[in-house]
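Structure at a glance
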Amino acid sequence: MWADRGGIEEDQKLGRTQTRVVLMRSIRMAGEFRRQGAWALLLVTISVICTLAGPVLVRHGIDSGIRVGDAGALNFTVVMYLVVVAIAYVIGRIQYVVLNSAGEGFLRLLRIRVFGQMQRQSMAFFDREKAGVLVARMTADIESMAELVQWGLMQFLSSFLLLFFALFLLLSMSWQLTLISLLVFPFLIAASVKFQRDSNKAYLEVREKVGANLSALQEGIAGVRVIQAYAREDEQIRRFEESNRALFRSHLHSIKVTTWYFGVIEFAGIASSALIIGIGGWLVHRGSVSLGTVVAFVLLLASLFDPVQQLSQLYNTLQSAAAALHKLFGILDAQPDVAESDNPITLPVSGDVVVDAVTFTYAGAHRSALSDVSVTLKAGTRLALVGPTGAGKSTLAKLMARLYDPEVGTVSFGGVDLRSASLDDLRRRIVVIPQEGFLFDGTVRDNLLIAKPEATEEELINALNKIGLRERFESLPDGLETQVRERGSRLSAGERQLVALARAALVDPAVLVLDEATSNLDPGTEMLVEAALERLMVGRSVIVVAHRLSTVQRADVIAVVADSRIAEMGSHDELVALNGHYALLASTWNKTQPH
Ligand code: ATP
């Protein structure tokens, strides 16, 4: 699933305290943008003062210029007004750039940290977290943060300062008119609280519907082959239409909530202006306040109402940014399960791999994938794992390469527990060749060097020669410089497997862990892959999850894994003589597979 729907409940559960904790932590993380922050605060303060200076100058122009017929004072006011507006404009632009560059810098930092943390995680993390959800963390969650850092922070600062300074200014001009201006405030605050609640709900609803919509879209695209094979296009289109309709409705609801609130605010502003003009006029008549003051009040009312509206709108942005940050921090805090010990031990060049009384359960699984399994792979020998599907063969192979750590028991190489071994050493001694090796966009050479970036040209050619693939690779359209395109789509399935084998040859490990490919290649390519593999295996210990009789027959020891345990172990002949699981399996193979 592309977007995570589970996030919605999480958002709702994120309490005030948690929001505060998350925000405090992000402020600490943003510490290196302190200087830009201080500049921005200064600039915001100047632009707020300029905004408020306008009405004050108008008041001065009316009271000291127009009303007393002083042309000099009036001219001075007009010039000052223009200067203040110009300053406000320039400062506003600079402040926008400064705050945005700090905000974007923070997002960059966060993206790099989260991605780095994802790359360091072990397999168990990727079992727990779906790829789509992780992509959503890096896109949707960072996006909701972006909204806050790009305009939210600036709005927050300026609204807060504007409200504070405006109140101070109004009070200093006339307390009676200030009281009148504030008459509608209780009403306004009640409306704002209601708006916050409604719009938060509406916002979460929209997010949920966006998630469902993306999920329908993603499934429709990823599953298009199956959909077309069974002629389910109409059904898919109907599903997409449905989720779109739901999304449309939730957007509409959210627009209604906002429109209602803006109406209330506007009405409150108009009512206040009317009250100020009415009561203010009467006060002018009585001589308690000047005409300029009344005009300044009417102009300043916007500086009182706008911040309230901005702040309550911002509250939601702040909440969703806190929810996004909470999830991102969750990733930042995840400790890799397969971590290097504090005093890593150097691994010997060769040795036996010993699995000793190992039990292992996948996170969230009800039963153990392996229970109390012991097996020894002598240096330079081959061990084939066979057994029914889901029995635990791949799991055992993965534990032998420390892609996971056992819950109980130990796995060691040359007498060193893999948990205490240096990870660099481990990945050089034991190499896993997956069924489908991943190819990155780039050349064949780039893809081979992923296994050992520091390898020299000579090492690379030697490795290819050793497994007899040099000519095969050089015969590609541009030889080793052939572009494989995304996921190696320009290479054939067989060629992709050859790249995987060549990568392993380059590392030259002591132990090879192989999950034998079950996909069928054409006989010619199959022979080429087999031959390269056979040469790669020479002089190394090999653990192979075997699916072919020919592979099993070439193994020194065969372990039958059944129901999370090793049911039988021995050579082909010994196990056939035992007349148990293996004998049954071998006779099935005899009937179905060529030798
Ligand atoms: P196959 O021949 O089909 O590959 P296998 O013998 O290699 O099967 P494993 O892949 O080791 O079997 O799986 C053993 C058990 O663990 C199965 O029940 C499987 O469903 C479960 N399992 C495998 N991988 C995971 C995972 N990443 N998370 C949770 N459970 C898993």
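Here the structure is a predicted model, which means the values were calculated and not measured. (Residues numbered from 1 in each chain as written. Predicted model: local features only at pLDDT ≥ 70, side-chain atom pairs only at ≥ 80, totals over all residues. Heavy atoms only, no water.)

1. Some points on the overall build of the protein
For clarity, the cut-off: What counts as a helix is a DSSP run of H or I of at least four residues, what counts as a strand is a run of E of at least two, and both are numbered from the N terminus. Using C-alpha atoms as the atom set, the radius of gyration is obtained and then compared with a globule rule of 2.2 Å times the number of residues to the power 0.38. Note on classification: 1.4 Å probe, protein chains only; a residue is buried when its accessible area is under 20% of the maximum for its type, exposed when over 50%, partly exposed between these limits. Here, two residues are considered to be in contact whenever any of their heavy atoms come within 4.5 Å of each other. In this description, accessible areas are obtained by the Shrake-Rupley approach with a 1.4 Å probe, and a residue is regarded as covered only by the protein chains that are shown.
Looking only at helices and strands, the protein features 21 helices and 10 strands. In terms of overall size, the protein is more extended than a compact globule, its C-alpha atoms giving a radius of gyration of 35 Å where 595 residues would be expected to give roughly 25 Å. Dimensions of the protein, computed from C-alpha atoms along their principal axes, come out at roughly 120 × 50 × 45 Å. Among the 595 residues that make up the protein, the fraction classed as buried is 45%. Excluding contacts between residues fewer than 6 apart, the proportion of contacts in the protein whose partners are at least 24 apart in sequence is 78%. Per element, the accessible surface of the protein, about 30,800 Å² overall, is 60% carbon and sulfur.

2. Quick word on the sheet that holds strand E2 (residues 370–377)
What counts here: Strand pairing is assigned whenever DSSP identifies at least 2 bridges connecting the two strands. Lines fitted to C-alpha atoms define the axes here, with helix axes fitted over just the stretch in contact, and angles between the N-to-C directions of these axes take values from 0 to 180 degrees.
Read across the open sheet, the 4 strands follow the order E2-E1-E4-E5; overall the sheet is antiparallel. The sheet is open, and its two borders are formed by E2 and strand E5 (416–417), each paired with just one other strand. Relative to E5, strand E4 (residues 408–413) runs antiparallel, the two sharing 2 bridges. Pairing of Ser412 across the sheet is with Asp417, part of E5. Packing of helix H12 (residues 393–400) onto the sheet brings it into contact with strand E1 (353–360), E2 and E4, and relative to E2 it is tilted by some 60°.

3. Some points on helix H11 (residues 291–333)
Quick reminder of the rule: A helix is expected to reach a length of 1.5 Å times the quantity of its residues less one. Note that the bend at a residue is defined as the angle between axes fitted to the seven residues ending at it and the seven residues starting at it.
Taking 1.5 Å of rise per residue, the 43 residues of H11 would be expected to cover 63 Å, and the 61 Å separating its terminal C-alpha atoms lies within 8% of that figure. At Leu299, H11 shows its maximal bend, which comes to roughly 30°.

4. Examining the pattern of salt bridges
Pairing between side chains becomes possible if they bear opposite charge and their charged atoms approach one another. Under the convention used in this document: Within this document, salt bridges are pairs made up of a side-chain nitrogen of Lys or Arg and a carboxyl oxygen of Asp or Glu, the two lying within 4 Å of each other.
In the structure shown here, the tally under the stated rule is 23 salt bridges. Put simply, Lys209 and Glu208 hold a salt bridge, and the shortest N to O gap is 3.6 Å. Look at Glu208 and you get partly exposed, because its relative accessible area is 25%. Through salt bridges with shared partners, a single ionic network connects Arg382, Glu526, Glu530, Glu534, Arg548 and Arg554.

5. Details of the sheet that holds strand E7 (residues 511–515)
Reading across from one edge, E6-E7-E8-E3-E9-E10 is the order of the 6 strands in this open sheet, with mixed pairing throughout. Of all strands in the sheet, those bounded by a partner on one side alone are strand E6 (430–433) and strand E10 (565–570). Strand after strand, the sheet turns through a mean of 15° between neighbouring axes, direction not considered. Sheet topology places strand E3 (residues 382–386) next to strand E9 (residues 557–562); 4 bridges connect them, and they run parallel. Counterpart to Leu383 in the pairing with E9 is Val557. Across the sheet, H12 touches E3, E6, E7, strand E8 (541–545), E9 and E10, and the angle it forms with E3 is around 145°. Helix H17 (residues 493–507) contacts E6 and E7 of the sheet and is inclined by roughly 175° relative to E6.

6. What about the confidence of the model for the protein?
For clarity, the cut-off: A residue's pLDDT is the confidence the predictor assigns to it, expressed on a 0 to 100 scale.
Residues of the protein with pLDDT of at least 70 account for 95%, and the chain-wide mean is 86. Of the regions scoring below 50 in pLDDT, residues 1–9 engages in 24 contacts with residues more than four places distant in sequence or in other chains.

7. Side note on the environment of Val354
Its place among the elements puts Val354 in strand E1. As for Val354 and Lys130, which are separated by 224 residues in sequence, their C-alpha atoms are 32 Å apart. Setting aside its immediate chain neighbours within four residues, Val354 contacts Val375, Thr376, Thr410, Val411 and Ser412.

8. Examining the domain arrangement of the protein
Definition in use: Domains are outlined according to an automatic or database domain assignment.
For the protein, the assigned domains are domain 1 (25–333) and domain 2 (353–592). For domain 1 versus domain 2, the separation of C-alpha centres amounts to 56 Å.

9. Details of the nonpolar core
Note the following rule: Side-chain atoms within 4.5 Å link the members of a nonpolar core, which is a set of buried Ala, Val, Leu, Ile, Met, Phe, Trp, Tyr and Cys residues.
In terms of nonpolar packing, the biggest core is built from 47 residues, with Ile433, Phe473, Leu501, Leu536 and Tyr582 touching the most fellow members. It is H17 that contributes the most residues to this core, 9 residues altogether. Those residues in contact with Phe473 that sit more than four places away from it in its chain are Val444, Leu464, Gly479, Leu480, Leu498, Val499 and Ala502.

10. Observations regarding the pairing of E3
A large share of E3 lies buried, amounting to 5 of its 5 residues. With 4 bridges connecting them, E3 and E8 associate as parallel partners. The residue of E8 that forms the bridge with Leu383 is Ile543.

11. Focus on the site of the ligand
Spelled out, the test is: If a single non-hydrogen atom of a residue is within 4 Å of a molecule or strand, that residue counts as near it. As used in this structure description, the phrase polar contact means that two N or O atoms lie within 3.5 Å; if the pair is within protein, one of them must be able to donate a hydrogen and the other to accept it, and residues adjacent in sequence are counted only when both atoms belong to side chains. Just so you know the grouping, Ala, Val, Leu, Ile, Met, Phe, Trp, Tyr, Cys and Pro go in nonpolar, Asp, Glu, Lys and Arg go in charged, and all remaining residues, Gly too, go in polar.
Surveying the vicinity of the ligand reveals the residues Asp127, Tyr362, Ala369, Pro388, Thr389, Gly390, Ala391, Gly392, Lys393, Ser394 and Thr395. A distance of 2.5 Å separates an oxygen atom of the ligand from a polar atom in the side chain of Thr389. One nitrogen or oxygen atom from the main chain of Ala391 is found 3.1 Å from an oxygen atom belonging to the ligand. When the ligand is considered free in solution it has 630 Å² of accessible area, and contact with the protein chains removes 64% of it. In terms of residues, the shell around the ligand owes the most to one element, H12, which gives 3 residues. A breakdown of the residues in the shell around the ligand according to their chemical character gives 4 nonpolar, 5 polar and 2 charged.

12. Points about the UniProt feature "transmembrane region" (unreviewed entry) in the protein
Here is the rule: UniProt positions are given in the numbering used here, feature names are shortened, and annotations may be inferred rather than shown by experiment.
Here the UniProt-annotated "transmembrane region" (unreviewed entry) positions come out as residues 38–58, 78–99, 148–169, 175–193, 259–283 and 289–308. With 100% helix and 0% strand, the stretch residues 38–58 has end C-alpha atoms that lie 31 Å from each other.

13. Overview of the side chain of Arg429
Heads up, the rule is: Working convention for charge: Lys and Arg count positive, Asp and Glu count negative, and His plus the chain ends are omitted.
Within the element layout of this structure, Arg429 appears in helix H13 (residues 423–429). Of the side chains with opposite charge, Asp425 lies nearest to the buried Arg429, which makes no salt bridge, at 4.2 Å. One polar contact links the side chain of Arg429 to the main-chain carbonyl oxygen of Leu347, over a distance of 3.1 Å. Those residues in contact with Arg429, other than ones at most four positions away along the chain, are Leu347, Pro348, Val349, Phe413, Pro509, Ala510 and Val511.

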